[in-house]
Amino acid sequence: MTASPDQRVIRIDDPRDERLAPYRDVRERDLVGREGRFIAEGKVVLNVLLTSPHFATDSLLVLENRLSGLSEQLKLCPPDVPVYCVSRETMDAIAGFPVHRGILAIGRRSGPHTVDTLLSAMPEHGLVVVLCGLSNHDNMGSIFRNAAAFEADCILMDETSCDPLYRKAIRVSVGAALKVPFAREGSIEAIVSKLQSAGYTIFALSPSGRTSINAAEPVQRTALLLGTEGEGLPKALLDRLQTVRIPMSKSFDSLNVATASGIALARFSRFSGL
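Residues numbered from 1 in each chain as written. Predicted model: local features only at pLDDT ≥ 70, side-chain atom pairs only at ≥ 80, totals over all residues. Heavy atoms only, no water.

1. So, the overall build of the protein chain
Then, number 1: When its secondary structure is counted, the protein chain shows 10 helices and 13 strands.
Then, number 2: Summarising its shape, the C-alpha atoms of the protein chain cover approximately 65 × 40 × 30 Å along the three principal directions.
Then, number 3: Relative to its full complement of 274 residues, the protein chain shows a buried share of 49%.
Then, number 4: Put simply, 75% of the contacts in the protein chain that link residues at least 6 apart link residues at least 24 apart.
Then, number 5: When the accessible surface of the protein chain is totalled, it reaches about 13,100 Å², and 50% of it is carbon and sulfur. (Helix = DSSP H or I, 4+ residues; strand = E, 2+ residues; numbered from the N terminus. Buried < 20%, exposed > 50% of the residue type's maximum accessible area, 1.4 Å probe, protein only. Contact = heavy atoms within 4.5 Å. Areas by Shrake-Rupley, 256 points an atom, 1.4 Å probe, with all protein chains shown as cover.)

2. Points about the side chain of Thr228
Then, number 1: Mapped onto the elements of the fold, Thr228 is located in the loop between β12 (221–227) and α9 (235–240).
Then, number 2: Given the relative accessible area of 19%, Thr228 is considered buried.
Then, number 3: Beyond its immediate chain neighbours, meaning those up to four positions away, Thr228 contacts Cys132, Gly133, Leu134 and Ser135.

3. Quick look at the sheet that holds strand β10 (residues 201–205)
Then, number 1: Overall, parallel pairing links the 7 strands, which are arranged β9-β8-β7-β12-β10-β13-β11 in an open sheet. Here the strands that pair on one side only, and so sit at the sheet edges, are β9 (182–184) and β11 (211–212).
Then, number 2: In the sheet, strand β7 (residues 126–132) pairs with β12 via 7 bridges, with the strands oriented parallel. For Cys132, the partnering residue across the bridge sits in β12 and is Gly227.
Then, number 3: Contacts between helix α10 (residues 257–268) and the sheet are confined to β7, β10 and β12, with β12 contributing the most and set at about 170° to the helix. (Pairing = 2+ DSSP bridges. Axes fitted to C-alpha atoms, helices over the stretch in contact; angles between N-to-C directions.)

4. Overview of the packing of aromatic side chains
Then, number 1: Taken as a whole, this structure holds 3 aromatic pairs when the rule is applied.
Then, number 2: Ring centres of Phe38 and Phe55 lie 5.4 Å apart, and the angle between their planes is 90°; this geometry places the pair in the edge-to-face category. Separated by 17 residues along the polypeptide, Phe38 in strand β3 (residues 37–41) and Phe55 in strand β4 (residues 55–63) bring together distant segments of the chain.
Then, number 3: A relative accessible area of 1% places Phe38 in the buried class.
Then, number 4: Relative accessible area serves as the criterion here: at 12%, Phe55 is assigned to the buried category.
Then, number 5: Taking 5.7 Å as the distance between ring centres and 90° as the angle between the ring planes, the aromatic pair formed by Phe144 and Phe182 counts as edge-to-face. In this pair, Phe144 sits in helix α6 (residues 137–149) while Phe182 sits in strand β9, placing the two residues 38 residues apart along the sequence. Here Phe144 matches Phe182 in class, with each residue buried.
Then, number 6: Geometry around Phe268 places Arg267 over its ring, the cationic atom sitting 5.8 Å from the centre. (Phe/Tyr/Trp six-rings, centres within 6.5 Å; stacked < 30°, edge-to-face > 60°. Lys NZ or Arg CZ within 6 Å of the ring centre and 35° of its normal.)

5. Structural notes on the packing of α6 against α10
Then, number 1: Two numbers describe how α6 lies on α10: the axes approach to 8 Å, and their chain directions differ by 10°. Compared by their axis directions, α6 and α10 come out roughly parallel. Handedness of the α6/α10 crossing: right-handed. Contacts between α6 and α10 involve Asn139, Ser142, Ile143, Asn146 and Ala147 from the first element and Val257, Ala258, Ser261, Gly262 and Leu265 from the second. (Parallel < 35°, antiparallel > 145°, perpendicular 65-115°, else oblique. Left-handed = near helix turned anticlockwise from the far one by under 90°.)

6. Section: helix α4 (residues 88–95)
Then, number 1: If you check which residues of α4 are buried, you get Thr90, Met91, Ile94 and Ala95. An end-on view of α4 places all buried positions within 120° of arc, on one side of the element. (Arc of directions from axis to C-beta.)

7. Observations concerning the nonpolar core
Then, number 1: Within the largest apolar cluster, 55 residues are counted, with the highest numbers of intra-cluster contacts made by Leu60, Leu131, Phe144, Ile155 and Leu178.
Then, number 2: At 6 residues, the largest contribution of residues to this core is made by α10.
Then, number 3: In this structure, Met122, Ala183, Ile188 and Ile202 belong to the second largest nonpolar core, which totals 23 residues. (Core = buried A, V, L, I, M, F, W, Y, C linked by side-chain atoms within 4.5 Å.)

8. Considerations on the environment of Ala95
Then, number 1: Here Ala95 lies in helix α4.
Then, number 2: The class for Ala95 is buried, based on a relative accessible area of 4%.
Then, number 3: Along the chain, Ala95 and Pro15 lie 80 residues apart, while their C-alpha atoms are 9.2 Å from each other.

These values are about where atoms sit, not about what they do.
So, in structure tokens, the structure goes:
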């Protein structure tokens, strides 16, 4: 083990070194959880993590040939955060599979948001994305990316939805899961009730929606409700909420939920010109 002139950068050659334990068996620990911590992967996501006021960084694990390209990131990195530098062989042994980007970091959140705290902090003109039973991490990451692009104020999801801080979801979101505030708790019925109490008009997206999304009138406080792939939203919600559909070919079934979120956000965001 040797240290570079930057005292945070520590060379480690033994994959069994206990300081690397949080990075060990990445895929398995993706499934069982990391006790409030998460893995950020790649340079773009690392940039977001290091500049986010809502997350802290415990350490970095960097492939030796990627270290020279991280000078700007190391300037952002707090001085007490260690940067472990390893060979390709060592990194792959630690992670349990080839890590192609060669840059990993352990991040942690100071404390999760709640639906109540997010809604109480919303601006007068609010745009909220609401997710029900979303279980696909690729879709979750893509929806966060869309929400960031169209400046949604937050994302609310029920407890049956998957974790946005899952490694793949963060990667697919290009770091947006670390930028867009979110709360993941309770039932979808409870979230809908709180939105209604806060004065939000909820548009439930469904291929069978009663109104075209192009005919839906813009309102001051908007919530876009999306369901999981296949099953969609519960019928009980569709029966009592304003439902909208995205016009498309009658010869095809439906859009991917992430694509639908992008279209809906473009329609109701402040960039739409409505």
